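Residues per chain, in single letters:
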Amino acid sequence: ANALRAAGIPYTTHGQTDLFRQRVVRDIVAYLRLACNPGDRLALARALEAPARGLGRLAAVLVEEPATLLELPALADAFGPTVKAAAAALVATVYALHAEVVRGSSPAALLDRVLDQTGYRAWLERHPDGPARLSTVARLRAIAKRAEVSLGDWLDALAVGEDIDPVGPDVEATRLSSIHTAKGGEWV
């Protein structure tokens with residue numbers, strides 16, 4: 001892949017769509033959705049404990065009854081001062097990210113801010129399979145970096161399954177696969 005990239009030869013990777021099924025990607029996309037729309041109840045429920053920040057009991061409540069970011073502090077009151085403080089910190093983080101969206105930051109810049117401001121990157125670095133997960137994040141960031149649209153438009157394209165990678169079906173490209181992926185794989 002590196003040699004093809006260096007030579008400017010377009011390529012695709014078999015199984016690349018699996019990227020968006022990985023937990024780390026779904027977590028980051030949830031934060032990006034929250035940054036774009038702080039009222040996104042489902043994204044909040046996903047991001048609440050990714051990484052763990054002592055909001056597990058509150059997260060369980062949100063699974064049953066999704067809430068908005070504005071409702072989060074009132075719900076956290078019932079769980080004590082530690083949970084209330086952690087919820088308030090998350091609310092402040094999401095609104096800081098939202099301000100970046102309003103300023104027009106690119107999807108890649110926002111992805112970087114999500115990783116840093118939420119503590120997700122530091123959490124991944126401490127995780128036993130952190131290097132593999134960070135590699136997955138790097139793949140997502142490479143796609144986000146090529147985005148020439150706003151974060152909202154990029155997330156919309158992800159949601160409807162548009163091909164967000166510039167190497168599309170109309171472009172002749174070398175198709176790469178690992179032996180593991182090719183073993184028993186279906187080729188179209």
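Residues numbered from 1 in each chain as written. Predicted model: local features only at pLDDT ≥ 70, side-chain atom pairs only at ≥ 80, totals over all residues. Heavy atoms only, no water.

With respect to the nonpolar core
Among the nonpolar cores identified, the biggest contains 48 residues, and Ile28, Leu32, Leu48, Leu72, Tyr120 and Trp154 are the most heavily contacted of them. Ranked by residues supplied to this core, first place goes to helix 2 (residues 23–36) with nine residues. Aside from chain neighbours lying at most four places away, what touches Leu48 is Arg53, Leu55, Leu58, Ala59, Leu62, Leu72 and Leu90. (Core = buried A, V, L, I, M, F, W, Y, C linked by side-chain atoms within 4.5 Å. Buried < 20%, exposed > 50% of the residue type's maximum accessible area, 1.4 Å probe, protein only. Helix = DSSP H or I, 4+ residues; strand = E, 2+ residues; numbered from the N terminus. Contact = heavy atoms within 4.5 Å.)

Some remarks on the pattern of salt bridges
The tally for this structure, following the rule as stated, stands at 10 salt bridges. Ionic pairing is found between Arg46 and Asp27, a salt bridge with its closest N-O pair at 2.9 Å. On the criterion of sequence distance, the pair formed by Arg46 in helix 3 (residues 41–47) and Asp27 in helix 2 is long-range, its members being 19 residues apart. Classification of Arg46 as partly exposed rests on a relative accessible area of 31%. Under the relative-accessibility criterion, Asp27 is labelled buried at 2%. In this structure, Arg33 and Asp40 form a salt bridge, with 2.8 Å as the shortest nitrogen-oxygen distance. (Salt bridge = Lys/Arg side-chain N within 4 Å of Asp/Glu carboxyl O.)

Description of the environment of Val24
Topologically, Val24 is positioned in helix 2. Taking the C-alpha atoms as reference, Val24 lies 7.6 Å from Thr136; in sequence the two are 112 residues apart. Aside from chain neighbours lying at most four places away, what touches Val24 is Tyr120, Leu124, Arg133, Thr136 and Val137.

Here we look at unusual backbone geometry
Of note, the amide linkage connecting Ala50 to Pro51 takes the cis form, showing an omega dihedral of 0 degrees. Relative to the elements of secondary structure, Pro51 occurs in the loop between helix 3 and helix 4 (56–64).

Details of helix 4
Of all the residues in helix 4, the buried ones are Leu58, Ala59 and Leu62. Along helix 4, the residues classed as buried sweep out an arc of 100 degrees about the axis, all on the same side. Projecting away from the buried face of helix 4 at angles above 90 degrees are the exposed residues Arg57, Val63 and Glu64. Where helix 4 is buried, its residues contact helix 3, helix 5 (72–76) and helix 6 (81–102). (Arc of directions from axis to C-beta.)

Here we look at the packing of helix 2 against helix 6
In contact at an axis separation of 7 Å, helix 2 and helix 6 are set at 70 degrees when each is read in the N-to-C sense. Judged by the inter-axis angle, helix 2 sits roughly perpendicular to helix 6. Of helix 6, the residues touching helix 2 (which contributes Tyr31, Leu34, Ala35 and Cys36) are Leu90, Val94, Leu97, His98 and Val101. Of the residues that constitute the contact of helix 2 with helix 6, the class distribution is eight nonpolar, one polar and no charged. (Axes fitted to C-alpha atoms, helices over the stretch in contact; angles between N-to-C directions. Parallel < 35°, antiparallel > 145°, perpendicular 65-115°, else oblique. Nonpolar A, V, L, I, M, F, W, Y, C, P; charged D, E, K, R; others polar.)

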